[in-house]
Amino acid sequence: MSLAVSFLAIGATAVSPMQHGWDTVGEMMGMHGKWDPSKTSPAQVIQGIEWAAKHYAVITTGTSCKGWVNSTNTIEASVRMAQAAAKKVNPNGRYGMYWRTDFAMELAECSDNSAEWNAHAAEWTIKSDAGKPLDKAYIDYSNPAAANFFAKVLLDTLADGTLDYVYLDGFGDAATASFPGVSPTRSTAIVQAKHQMISSTQAKLDALGKGQGFVLNGCDNQDSAQEFASVGTIGAMFDHWSILQFIQRGPGSTGQWNTTLMDQAFELVTSPTVANMTVQIKGWPGPIVKQRDQYPSNGPPTPQTPAEFAEVASARFNNELAIFLLVANEFDTWIYSWFWGFYDYVPGDPTSTIPAGFFPEANCKLGAPKGPYTRDAATMTYTRDFEHAHVFVDLKNRTACSVKFDTPC
């Protein structure tokens, strides 16, 4: 399988989203999984990430301040070590690091920049309106020195060229921003300052011309999409795709979709708002109504063991792939897993929730789409044709959704 993703220039001072080919399903598949360094050795991480580089075109990974990461490595150096190994296996892939943007746990404990953060933490963290420290050390982006510091952290993370992007969690909605003991006006100002920091730092990366950038978390509706697009980063993740709020979760739920919200989700991902962004669509194996991994009580039985999770992930692959292919463009990535752990994407560990042989349909010949999807409003069914496959989606029957390939995989 040839897994290649590229950045294409779209202007003198901007970069385009990540772009994939259409030859096979695998060309648009991605991974977003963090490893636990108290349970996973460096050798196991390298072994797993090398396997991942053969199966995913885009890989986001991260870790925490435990075990060997805390004692012998910084968090940035650990991730760069892993992704450098992935890049050796597949130089054409795209590799990123997970960073929090809201509170400063890793910054204080195991970052390349911990000493500087800890020297200024008292002045760079949010205080309540009464001047008291909050329970968590939230970064106060309304303090220009704090905002400039985190911008430096991001630029330093990408500086040696190992990583192509940083995935930024906790982007936040300025209109609904809220911190304990902090007024709505101040809360909004803090989040707006964060957005400005991210936008200006992306502009600095654009000017360097290396095709690096940021992917933002939490693009699930039109309002968030517009806010994300205005920042000018290369991409955003639709992380609750087809689950949680998109499921009818009331008493007696069997896991059926909220057809109105799902229809709106299809419209959003194919709208001009995100047309020039990579949308990382987080696919899930079925009707999850509560995280982690819980199906509705009247729905299909929730898997209980890693082997059962892997079996269901395999059985649901084609159904869930259909929901992605219905809306995918040349920039979008499909990230299919049960959750966010390293072994939700990598087999071979006792905790792995992925089939040992991966997903055979990742090798299926797909070809470019022949056009956008068509919608039958009366039946809430949708179709889309590719050069070598036909997609059918039924919003009243999740398991009826399918991709039919013209030739065997």
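Please refer to the structure higher up on the page.
Residues numbered from 1 in each chain as written. Predicted model: local features only at pLDDT ≥ 70, side-chain atom pairs only at ≥ 80, totals over all residues. Heavy atoms only, no water.

**Student:** Give a description of the overall build of the protein that names residues and reports values.
**Tutor:** From N to C terminus, the protein includes 10 helices and 14 strands. For a compact globule of 409 residues, the expected C-alpha radius of gyration is about 22 Å, and the protein comes in at 21 Å, within 12% of that figure. Each principal axis of the C-alpha atoms in the protein carries an extent, and together these give about 60 × 50 × 45 Å. Long-range contacts, defined as pairs at least 24 residues apart, comprise 67% of the intrachain contacts of the protein with a sequence gap of at least 6. (Helix = DSSP H or I, 4+ residues; strand = E, 2+ residues; numbered from the N terminus. Rg over C-alpha atoms; globule rule 2.2 N^0.38 Å. Contact = heavy atoms within 4.5 Å.)

**Student:** Run through the layout of surface pockets, naming residues and quoting values.
**Tutor:** In this structure, the largest pocket encloses a volume near 760 Å³. Along the wall of the largest pocket there are 30 residues; nearest its centre are Lys34, Arg292, Trp340, Gly341 and Phe342. Of all the secondary-structure elements, those providing two or more residues to the lining of the largest pocket are strand 3 (29-34), strand 6 (165-169) and helix 10 (306-325). Looking at the lining of the largest pocket residue by residue, the classes come out as 10 nonpolar, 11 polar and 9 charged. By volume, the second largest pocket amounts to about 350 Å³. The set of elements that each furnish at least two residues to the lining of the second largest pocket consists of strand 5 (94-100), helix 7 (184-208) and helix 8 (222-231). (1 Å grid on protein atoms, 1.4 Å probe; cavity = no way out; pocket = protein on both sides within 12 Å on 5 of 7 lines; lining within 4 Å. Points joined across faces, edges and corners; volume = space filled by probe spheres on them. Nonpolar A, V, L, I, M, F, W, Y, C, P; charged D, E, K, R; others polar.)

**Student:** Any chance you could break down the sheet that holds strand 11 (residues 374-376) for me, citing the residues and the numbers?
**Tutor:** Spatial strand order, 11-12-13-14: 4 strands in an open sheet with antiparallel pairing. Of all strands in the sheet, those with a lone pairing partner are strand 11 and strand 14 (402-405), marking the two edges. With direction set aside, neighbouring strand axes in the sheet form an average angle of 15 degrees. In the sheet, strand 12 (residues 381-386) pairs with strand 13 (residues 389-394) via 6 bridges, with the strands oriented antiparallel. Following the sheet pairing, phenylalanine 386 is matched in strand 13 by alanine 389. Here helix 10 sits on the sheet in contact with strand 12, strand 13 and strand 14, set at roughly 90 degrees to strand 14. (Pairing = 2+ DSSP bridges. Axes fitted to C-alpha atoms, helices over the stretch in contact; angles between N-to-C directions.)

**Student:** Tell me about the packing of aromatic side chains, and name the residues and values.
**Tutor:** This model, assessed by the stated rule, comprises 33 aromatic pairs. Pairing tyrosine 98 with tyrosine 167 gives two aromatic rings, centres 6.0 Å apart and planes at 20 degrees, and the pair type is stacked. Taken as a pair, tyrosine 98 in strand 5 and tyrosine 167 in strand 6 lie far apart in primary sequence, 69 residues in all. An angle of 15 degrees between the planes, with centres 6.0 Å apart, marks the rings of phenylalanine 324 and tryptophan 334 as stacked. Of the two residues, phenylalanine 324 is situated in helix 10 and tryptophan 334 in strand 10 (residues 333-336); the sequence distance between them amounts to 10 residues. Taking relative accessible area as the criterion, phenylalanine 324 reaches 0% and is therefore assigned buried. Judged by relative accessible area, tryptophan 334 falls into the buried class, the value being 1%. Through pairs of rings, three or more aromatic residues link up here, namely Trp51, Tyr56, Phe317, Phe324, Trp334, Tyr336, Tyr345, Phe358 and Phe359. Positioned above the aromatic ring of phenylalanine 103, the side-chain terminus of lysine 136 is 4.8 Å from the ring centre. (Phe/Tyr/Trp six-rings, centres within 6.5 Å; stacked < 30°, edge-to-face > 60°. Buried < 20%, exposed > 50% of the residue type's maximum accessible area, 1.4 Å probe, protein only. Lys NZ or Arg CZ within 6 Å of the ring centre and 35° of its normal.)

**Student:** Report on unusual backbone geometry, specifying residues and quantitative values.
**Tutor:** With omega at 10 degrees, the peptide bond leading from glutamine 291 into arginine 292 counts as cis. Within the secondary structure, arginine 292 sits in the loop between strand 9 (278-283) and helix 10.

**Student:** Tell me what's going on with the environment of valine 346, and back it up with residues and numbers.
**Tutor:** Among the secondary structure elements, valine 346 is positioned in the loop between strand 10 and strand 11. The buried category is assigned to valine 346, whose relative accessible area is 2%. Spatially, the C-alpha atom of valine 346 lies 9.7 Å from that of glutamine 47, the residues being 299 residues apart in sequence. The residues contacting valine 346, other than those within four sequence positions of it, are Met31, Gly48, Trp51, Ala52, Ser352 and Ile354.

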